[in-house]
Amino acid sequence: MGCWYLVECTNCDYKVESSAGIDEGFFGKVQTHVCIGCNNLVDVTIEPNEHMKDNPNIDKCKKCKSDKIILWDTEERLCPKCGFQMTVSENPTTLWD
Ligand SMILES: [Zn+2]
Ligand SMILES: [Zn+2]
């Protein structure tokens, strides 16, 4: 079961729904990354499921297809836009699986 949380910046108005760490669902294992290509927080598929082996978005940003991604530090939780700390909602906002 994969869940999304609302991740919000405390400084700018950037917010995004994200699994905010490692999560596993229908498509496989995902982990939250910062994409250098489009400067967004993105959940990247790091381990596809058996039937999703042909997924072209493995280890890539699903928004801009860039493979310039770095792991999002779930302790620091820094905003990719302004570098301030972001908050993660206590309860999931969306169940995507
Ligand atoms: Zn920000
Ligand atoms: Zn991107």
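Since we're looking at a predicted model, the values are computed, not measured.

(A) Highlighting the overall build of the protein. In terms of helices and strands, the protein carries zero helices and eight strands. If you list the helices and strands of the protein from N to C, you get β-β-β-β-β-β-β-β. Here the C-alpha radius of gyration of the protein, 13 Å, is about what a compact globule of 97 residues would show, namely 13 Å. Within the protein, buried positions represent 26% of all 97 residues. For the protein, restricting intrachain contacts to residue pairs at least 6 apart in sequence, the fraction spanning at least 24 positions comes to 54%.

(B) Layout of the pairing of strand β5 (residues 40-48). Alignment of strand β4 (residues 28-35) against β5, held across eight bridges, turns out to be antiparallel. Paired with valine 30 across the bridge in β5 is threonine 45.

(C) The arrangement of the environment of lysine 15 in detail. Tracing the sequence through the fold places lysine 15 in strand β2 (residues 15-18). Here the alpha-carbon distance between lysine 15 and phenylalanine 27, two residues 12 residues apart in the chain, equals 23 Å. Lysine 15 has contacts with Leu6, Val7, Glu8 and Cys9, leaving out every residue within four places of it along the chain.

(D) Quick look at the environment of valine 88. Its location among the elements puts valine 88 in strand β7 (residues 86-88). Valine 88 sits 69 residues away from serine 19 along the chain, and the two C-alpha atoms are 9.5 Å apart. Apart from the residues within four sequence positions on either side, valine 88 is in contact with Tyr5, Val7, Ala20 and Arg77.

(E) Up close: the nonpolar core. Core analysis: the biggest nonpolar cluster contains 15 residues, and Val7, Leu41 and Val42 have the highest contact counts within it. Excluding its chain neighbours within four sequence positions, the residues that come into contact with leucine 41 are Val7, Val16, Ser18, Thr32, Val34, Trp72 and Pro80.

(F) How the structure looks around the pairing of strand β1 (residues 3-9). By the bridge criterion, two bridges tie β1 to strand β8 (residues 94-95) in an arrangement that is antiparallel. Of the residues in β8, the one forming a bridge with tryptophan 4 is threonine 94. Following β1, the chain reverses through five residues before pairing antiparallel with β2.

(G) Inspection of unusual backbone geometry at higher detail. If you check the backbone angles, aspartate 59 has positive phi at about 55° while not being a glycine. Turning to its location among the elements, aspartate 59 is positioned in the loop between β5 and β6 (69-71). Classification of aspartate 59 as partly exposed rests on a count of 13 C-beta atoms within 10 Å. The backbone phi angle of lysine 65 is positive, close to 65°, even though this residue is not glycine. You can see lysine 65 is positioned in the loop between β5 and β6.

Rules used in this analysis
Residues numbered from 1 in each chain as written. Chains lettered and ligands numbered in written order. Predicted model: local features only at pLDDT ≥ 70, side-chain atom pairs only at ≥ 80, totals over all residues. Helix = DSSP H or I, 4+ residues; strand = E, 2+ residues; numbered from the N terminus. Rg over C-alpha atoms; globule rule 2.2 N^0.38 Å. Buried ≥ 20, exposed ≤ 12 C-beta atoms within 10 Å, placed from the backbone. Contact = placed C-beta atoms within 7 Å. Pairing = 2+ DSSP bridges. Core = buried A, V, L, I, M, F, W, Y, C linked by C-beta atoms within 7 Å.

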